[in-house]
Amino acid sequence: MSNFPWLTVAGVVPLVGAIAIGLTPGQSAPGGPADRRARDLLVKRIALVFSVITLAITVAMAVQFKIGGPRFQFTQTYQWIPQFGVHYAVGVDGIALVLILMTTVLMPVVVLASWNDAEGAGNPVGSAPPRRSIKTYFILMLVLETMMIGVFAATDVFLFYVFFEAMLIPMYFMIGSYGVGQRQYAAVKFLLYSLLGGLLMLVAVIALYVYSTSGGRPGTFLFLPLTHLVLSATVQKWLFLGFFVAFAIKAPLWPFHTWLPDAATAAQPGAAVVLVGVLDKVGTFGMIRYCLDLFPSAAHYFTPLIIALSVIGVLYGAIVAIGQADLKRLVAYTSVSHMGLITLGIFAMTSQGQVGATLYMVNHGFATGALFLIAGFMISRRRSAQIADYGGVQKVAPVLAGLFLIAGLAGLALPGLSTFVSEFLVLVGTFTRYEAAAILATAGIILAAIYILWMYQRTMTGPVKPEVASMPDLKARELWAVGPLIALIIVLGVYPKPIIDVINPAVRATLVDAHSANPVPPHPVNNRFVVTGLSSATSSSTQNGSNP
Amino acid sequence: MTAYVGAIAPVIPTPHIEYGLLSPMLLVFGAAVAGVLVEAFAPRALRRSFHLALTLGGLAGAFVLTIAVAVDSSVFGGGAAGRIAAEGAVGVDRPTLFIQGTILVLAFVSVLLIAESSHEVSAFAAQAAAVPGSAEEREGLVAGISHTEVYPLTLFAVGGMLLFPASNDLLTMFVALEVLSLPLYLLCGLARRRRLLSQEAAMKYFLLGAFSSAFFLFGVAMLYGFSGSVNLAAIAAAASGNTGNAVLLYAGIALLGVGLLFKIGAVPFQAWKPDVYQGAPTPVTALMASCTLVAAFGALLRVFYVAFGQLTWDWRPAMWAVAIVTMLGGSIIAITQTDVKRLLAYSSIAQAGYILTGVIAATTAGLSSSLFYLAAYGFATIGAFAVVTLVRNPAGEADHLSSWAGLGRRSPLVAGVFALFLIAFAGIPLTSGFIGKFAVFQAAIGGGAVPLVVVGAISSAILAFPYVRVIVLMFFSDPPADGPVVVRPSVFTTSAVAIGALATLVLGIVPEPLLRLAHDAATQLFVR
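None of these values were measured; they are calculated from a predicted model.

Asker: Outline the overall build of chain B, supporting the account with residue identities and numerical values.
Answerer: Per the secondary structure count, chain B includes 22 helices and five strands. With respect to the three principal axes, the spread of C-alpha positions in chain B is 80 × 55 × 40 Å. Across chain B, every contact between residues at least 6 apart in sequence was considered, and the portion connecting residues at least 24 apart equals 80%. Within the structure as shown, chain B displays about 18,100 Å² of accessible surface, and the carbon and sulfur contribution to it stands at 71%. For chain B, the distance from the average site of its 25 positive side-chain charges to the average site of its 23 negative ones is 5 Å.

Okay, here's the thing in structure tokens:
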């Protein structure tokens, strides 16, 4: 089974699901409302089944991942466009693996949770768009899943870019067609911001290729050969900026964040989970995979700036979150704050920091996902996203309130919940290098306690508002959707070791690459040897360095 | 030297014409002439069918002949770049054959649009001579007459387009320019609806076109004054030999460049494009936006790569400036457009700017990427204009963007296909537009033009806004109560849209075959 194309299959399955949904009879097919409901149900079931199959495939793949094996596993490389040196090349290291797993875990959850979102059943009063095609919504979602798996699995910079940009289109339609409130404005802002970043990155991607052809070599976009490319300091800086700005917009890093609150507020809760939970991680994943590995010396050059931006983001996101009156907007701003912590961990350039940051990406996906979904359940009941419209929910819907509290506490990194581990690692990793930054970022955690608990207090406690009094508690479907996330938050909080073990070697390899031009701190390993060692499947006996 | 030979042998030698090499062009011109005869002698009821068979058959036959020439070992045997035919008037080489093949395929698809007759009798005026609003016009409309002259006119224009990039001397090129332009001036004025707008477009196109032809001709004269020849290779030899008056040379390059850039619609020579694209009958707009652009770029490439190939350092700064203002101008002005055809016109201007970045590289990569971009863009643009012909209200096509609101709700398929074309124009991956943009930008960076590509990227981001706005209108807005309807297209328009959409997707996902073809075509550049 070692040659089984796991990644390709995992990527294709959702696409097959999307095609299967496309083949079901559409809205214009004959029949009454009952037939239409039956058709919609079929569509949703297909979406759920295919996302669960994808999850099963990635889980089966993950258990075969060899810790300490080659850096990239389950690799496949085929020529795609030989004129440009472009390959269809996929493979995962530990970082990509856990992010793919996070994606495939989130997708069935999101499908289940957004069962009725496309109809606009739970939209706030007055902002409900007319009935939209259920089919299209789930097709977009499954196509997006394919692209998200592709973007994490690609080991060819061109292929990565293709997924990175193509991903925008389904998300754009999900926000613009199915969202609420200022959905058009939010969708356009999201797309234009991302496109601008993407196009600047395109220039850098092409330039990288052109530099790879220097010296008469055939150019390539393959990631591993590109890590050995020798670039001058100036070139590195410009290319780094080209990549970094795209990722900073995607992540989003302060001050490139302004599209996120709008987009997340306008999107349906399910779409918002995909947007904040997965799409944002593409940005931070890109930083750790591409910015550090390909342009190490430029990364060091810009580190102080990025650390500063990250700290500002942590504090700014948290402070602005406190002041929000809209539930989804509040959660979106907490994400800005958390993404700042993740970039902080990445650019602290310590192994704790980067392991913590990667772990945080996963945990943040689950924690924020749960928070968004439960907030969405509440909004669909009360038909309002305003915090002021709630009060005393825990008396009428205790399960909903309890799960919301757990998800919220995960957001403020309570010890025992998964985010604590990652946040702790990030701060420890940062402290060894940038004490001031770590101390300031820690203040963000205090602010997190304010925005989470105050939000909880205003919505869940206190006298029961009359509009809330008849609010039903979570239904079985909703429990099945968020239950696994809450379970994961708790399990990974107690026992994060399996994930950390998977991430560790990948982070080590990244750090080695990132320091190859600047081999001073913080782990005095002999760079070249470790690189060849990791790439030749012999993880421990690397001191010989017999490989070319 | 010719004079000397003439002196000792006072007989005029019969020119040696390589009929085989010229057969694609000859076939198209022959079909055009036959079309005139059909117009004169065939009964009215049968004319359209005769014309259709003749036009489509002629174009398809010419395409087959183009392939036959391309695989002909006597042309490219022994590693030759190609052959000069017709006493030095025509160059037959791989890039030219690629361009001609592209023009023929795109013209074929455009003719499918021209032939559409299910929405109304045709897109063309009943009697071009009848004054708008007059009794004669009503008479013709009531009788259901249509202009079938459009078919031979199209063939003449396509013939000129085939010759334009193949011309090896500037006089032939000028003749080709006129042969391709004159029928287009006429075709622009033949719209069945909104005839005043159409006639205004034809008038503007004619006046500005004549103006640019004068520039072109003046440039030819200057270059003749410099080198004593209108032959591209001779001009190149004179330029590299550094003999003659450099002022004449530079003035010649500039004037010739103005003439060619006008046809491309590069800023600041773009003024005609929005008006003409808007006023012309949409099938003709599709023909111009695809085939004319390809032919004009073909000629530009040949002139600047062959005649001025040694002078890259001299013309490149000016071309940089033109490319930058074209990319930025086209994309910025596109934002304010409210008419879908004008929007596509400004988008076409910006796209021309992107292709110019490939042209400027002056390398084989620049040539091959430009060739690919032209083919990819041609298919998408015909498809886009084909969709425009389908969205109609009682007064004809509903061009105003406000009436496109909610189209995605009522006709998801048509709106979806149009969105696909817009996404391709915006250069989003998995469409042909992305691969094309990638190719030209790569050629430009390979040629050291990084700032140009950065401007190109910024302009692409700006240009994405108007496209995105149309998508927002179509999909995210509610349809107005009295909005236009999407007519059910006949097999002609359906196949034009389908070919466009299919090519856009296939060239975006498996671009390798066409890229290889373009690459092979470009390896030896043009024949000298």
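Asker: Any details on the overall build of chain A? Residues and values, ideally.
Answerer: Within chain A, the secondary structure is distributed over 21 helices and two strands. In terms of overall dimensions, chain A is globule-like: its C-alpha atoms have a radius of gyration of 23 Å, near the 24 Å expected for 548 residues. A principal-axis box enclosing the C-alpha atoms of chain A has dimensions of 70 × 55 × 40 Å. A total of 548 residues make up chain A; the buried ones form 63% of that total.

Asker: Residues and numbers for the pairing of strand β1 (residues 73–81) of chain A, please.
Answerer: All names here are of chain A. Looking at chain direction, β1 and strand β2 (residues 86–92) are connected through six bridges and run antiparallel. Across the sheet, T77 pairs through a bridge with A89, a residue of β2. Turn length for the β1-β2 hairpin, with the two strands adjacent in sequence and antiparallel, is four residues, and the turn residue G85 shows positive phi of about 65°.

Asker: Provide a residue-level description of the packing of aromatic side chains, including the pertinent values.
Answerer: Per the stated rule, a full pass over the model turns up 51 aromatic pairs over all chains. Ring centres of F244(A) and F347(A) lie 5.7 Å apart, and the angle between their planes is 85°; on these two criteria the pair is classed as edge-to-face. Of this pair, F244(A) sits in helix α9 (residues 233–250) while F347(A) sits in helix α13 (residues 327–347), and the two are 103 residues apart along the sequence. Judged by relative accessible area, F244(A) falls into the buried class, the value being 5%. Since its relative accessible area comes to 0%, F347(A) is described here as buried. When the ring of Y301(A) is compared with that of F302(A), the centres are 5.0 Å apart and the planes differ by 90°; the resulting orientation is edge-to-face. An aromatic cluster is defined as three or more aromatic residues linked by ring pairs; in this entry it consists of F72(A), F160(A), F164(A), F223(A), F243(A), F247(A), Y290(A) and F295(A). If you follow K237(A) out to its NZ or CZ, it ends over the ring of Y301(A), 3.9 Å from the centre. Over the face of the ring belonging to W313(B) we find R316(B), whose NZ or CZ atom lies 5.4 Å from the ring centre.

Asker: Can you lay out unusual backbone geometry for me, pointing to particular residues and giving the numbers?
Answerer: Here the residue pair A251(A) and P252(A) is connected by a cis peptide bond, since its omega of -15° sits within 30 degrees of zero. As for its position among the elements, P252(A) is in the loop between α9 and α10 (259–266). The residue after V267(B), namely P268(B), is reached through a cis peptide bond having omega 5°. Summarising the element assignment, P268(B) is placed in the loop between α11 (246–264) and α12 (272–279). In this structure, E87(B) takes a positive phi of about 55° despite not being glycine. With relative accessibility at 55%, the residue E87(B) sits in the exposed group.

Asker: For the pattern of salt bridges, give the residues involved together with the corresponding values.
Answerer: Residue and element names in this part refer to chain A. Going through the model one piece at a time under the given rule, you end up with 19 salt bridges over all chains. Of the charged contacts, one joins R71 and D93 as a salt bridge, the two residues approaching to 4.0 Å between their closest N and O atoms. Of this pair, R71 sits in the loop between α2 (33–63) and β1 while D93 sits in the loop between β2 and α3 (94–113), and the two are 22 residues apart along the sequence. Its relative accessible area of 10% is what places R71 among the buried residues. Here K497 makes a salt bridge to D501, at a shortest N to O gap of 2.8 Å. One end of the pair, K497, and the other, D501, are both in helix α20 (residues 497–515), four residues apart, so they sit about a helical turn from each other. For K497, a relative accessible area of 46% puts it in the partly exposed group. Where salt bridges share partners, they join R71, D93, R289, D293 and D513 into one cluster.

Conventions used here
- Residues numbered from 1 in each chain as written.
- Chains lettered and ligands numbered in written order.
- Predicted model: local features only at pLDDT ≥ 70, side-chain atom pairs only at ≥ 80, totals over all residues.
- Heavy atoms only, no water.
- Helix = DSSP H or I, 4+ residues; strand = E, 2+ residues; numbered from the N terminus.
- Contact = heavy atoms within 4.5 Å.
- Areas by Shrake-Rupley, 256 points an atom, 1.4 Å probe, with all protein chains shown as cover.
- Lys, Arg positive; Asp, Glu negative; His and termini not counted.
- Charge placed at Lys NZ, Arg CZ, Asp CG, Glu CD.
- Rg over C-alpha atoms; globule rule 2.2 N^0.38 Å.
- Buried < 20%, exposed > 50% of the residue type's maximum accessible area, 1.4 Å probe, protein only.
- Pairing = 2+ DSSP bridges.
- Phe/Tyr/Trp six-rings, centres within 6.5 Å; stacked < 30°, edge-to-face > 60°.
- Lys NZ or Arg CZ within 6 Å of the ring centre and 35° of its normal.
- Salt bridge = Lys/Arg side-chain N within 4 Å of Asp/Glu carboxyl O.

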